Protein chains: 2
Amino acid sequence: MIKLIKPTKVFKALADDTRLRIVNLFLKERSLCVCEIVDALRIPQYQISKHLSVLRNAGLLDFEKRGTWAYYFIKIDEPLNRILFSFLGKYLKNEIFQQDIMALENRLILRENGKCIVGLVSQGELLKMIKEKAGQVL
Amino acid sequence: MIKLIKPTKVFKALADDTRLRIVNLFLKERSLCVCEIVDALRIPQYQISKHLSVLRNAGLLDFEKRGTWAYYFIKIDEPLNRILFSFLGKYLKNEIFQQDIMALENRLILRENGKCIVGLVSQGELLKMIKEKAGQVL
DNA sequence: TATCTATATGCACATACAGGCATGTATTAT
DNA sequence: ATAATACATGCCTGTATGTGCATATAGATA
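Residues numbered from 1 in each chain as written. Chains lettered and ligands numbered in written order. Predicted model: local features only at pLDDT ≥ 70, side-chain atom pairs only at ≥ 80, totals over all residues. Heavy atoms only, no water.

Caption draft 1: Focus on the state of the cysteines. Residues and elements named next belong to chain B. A full pass over the atoms with the stated rule returns zero disulfides over all chains. Looking at Cys35, it has no disulfide partner, and the nearest cysteine sulfur is the one in Cys33, 3.0 Å off. Residue classification places Cys35 among the buried residues on the basis of a relative accessible area of 11%. (Disulfide = S-S within 2.5 Å. Buried < 20%, exposed > 50% of the residue type's maximum accessible area, 1.4 Å probe, protein only.)

Caption draft 2: How the structure looks around the interface of chain B and chain A. Every contact between the two is made by 21 residues of chain B and, on the other side, 21 residues of chain A. There are two salt bridges connecting chain B and chain A. With a closest N to O distance of 3.2 Å, Lys6 of chain A and Asp17 of chain B form a salt bridge. The set of elements that each furnish at least two residues to the side of chain B that touches chain A consists of α1 (7-14), α2 (17-28) and α5 (79-91) of chain B. At seven residues, α5 of chain B tops the list of elements feeding residues into the side of chain B that touches chain A. Across the side of chain B that touches chain A, the residue classes tally to 14 nonpolar, two polar and five charged. (Contact = heavy atoms within 4.5 Å. Salt bridge = Lys/Arg side-chain N within 4 Å of Asp/Glu carboxyl O. Helix = DSSP H or I, 4+ residues; strand = E, 2+ residues; numbered from the N terminus. Nonpolar A, V, L, I, M, F, W, Y, C, P; charged D, E, K, R; others polar.)

Caption draft 3: Representation of the pairing of strand β2 (residues 61-66) of chain A within the structure. Residues and elements named next belong to chain A. The pairing of β2 with strand β3 (residues 69-74) spans six bridges and is classified as antiparallel. Among the inter-strand pairings, Leu61 is bridged to a residue of β3, identified as Ile74. Taking the residues that link successive antiparallel strands as the turn, the β2-β3 hairpin has two residues, and the phi of Gly67 there is positive, at about 65°. (Pairing = 2+ DSSP bridges.)

Caption draft 4: Quick peek at the pairing of strand β3 (residues 69-74) of chain B. Taken together, the three bridges between strand β1 (residues 31-33) of chain B and β3 of chain B define a ladder with antiparallel strand orientation. Residue Ser31 of chain B lies in a different strand from β3 of chain B, and its bridge partner there is Phe73 of chain B.

Caption draft 5: Just helix α5 (residues 79-91) of chain A, in detail. Here α5 of chain A is 13 residues long and its end C-alpha atoms lie 19 Å apart, about the 18 Å a rise of 1.5 Å per residue gives. Restricting attention to buried positions, one finds in α5 of chain A the residues Asn81, Leu84, Phe85, Phe87, Leu88 and Tyr91 of chain A. Taken around the axis of α5 of chain A, the buried residues stretch over an arc of 160°, which confines them to a single face. The elements touched by buried residues of α5 of chain A are α1 (7-14), α2 (17-28) and β3 of chain A together with α1 and α5 of chain B. (Expected span 1.5 Å × (residues − 1). Arc of directions from axis to C-beta.)

Caption draft 6: The protein's contact with DNA strand C, seen in detail. Taken together, 23 residues lie around DNA strand C, and Ser49, Tyr72 and Gly119 of chain A together with Gln47 and Lys50 of chain B are the ones closest in. When the atoms of DNA strand C within 4 Å of the protein are grouped by moiety, sugar and phosphate amount to 66% of the total. Here a base oxygen of DNA strand C sits 2.7 Å away from a polar atom, N or O, in the side chain of Lys50 of chain A. A distance of 2.6 Å separates a phosphate oxygen of DNA strand C from a polar side-chain atom of Tyr72 of chain A. Elements represented by at least two residues in the surface near DNA strand C include exactly α3 (34-41), α4 (45-57) and β3 of chain A together with α2 and α4 (45-57) of chain B. Per-class residue counts for the surface near DNA strand C are nine nonpolar, nine polar and five charged. (Near = heavy atom within 4 Å. Polar contact = N/O pair within 3.5 Å; in protein donor to acceptor, adjacent residues only side chain to side chain.)

Take a look at the structure:
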């Protein structure tokens, strides 16, 4: 059974600063686990979970569980979503969106084989872990 | 001074059934007076006025007064708006949006030289006036 | 088994906002 | 000058929703 989404529902989902910041992250990396989003945006985990649920309910995201981890991903399979995300890519250019992308890029350095392997990481720990990682590479 | 529009503000403006129906009308006819919108959607004038104000405040519409009449028009001059409206054209395809367009087309028959020359018109009157108009054309 | 850990959710509170009604304002018509 | 018309706006009310806090759930680990 196909779930019909009302346009209003989609726009309601996008009508929130935090949710736009979340969507912005997915434009950079189309699959993210919850803790990566929490660390990149520095917003409480329970808020992120709720916002992800709204975005999923609007048909913009879907998710998949792997153990305790939950990977959310954008539904670019739907043609209209593709157009919408393409628009958002041009639209979300404010400073904060770019800062979020930079924070995410740092966080993604901790991935192994393209998968998140750590949980929530504080700002300070993140820097330490990135340095260690750099040491391993050398 | 250029007014900066926050993305959230735009999506909030679009996150309402009535406002989406209004925008839909402008995708068909890019300049409309308030009474034409009221008649096409059959929604109280004070509601339409408020919604138009929200859309204008979000940078999607602008308006121009001609006597007591107020003509609102979509701001397609802004590149991002153009993309957004193009998306909406593909997105607003539900039955109600099509019905609204049909109602608007009927109402636009009453225009003279491309301008609205009547005020609020009831359903019944509209039909009568359209018939008269058809008579004139013959 | 017991304990972390990653994520989700229920509840309380405050705020935002759409709808309804009445009324205000400004322009036109008589 | 008065009335009618086109549109805007202020106030009230109910509902929806974002935030914060606490807690639940479920999988991983020791």
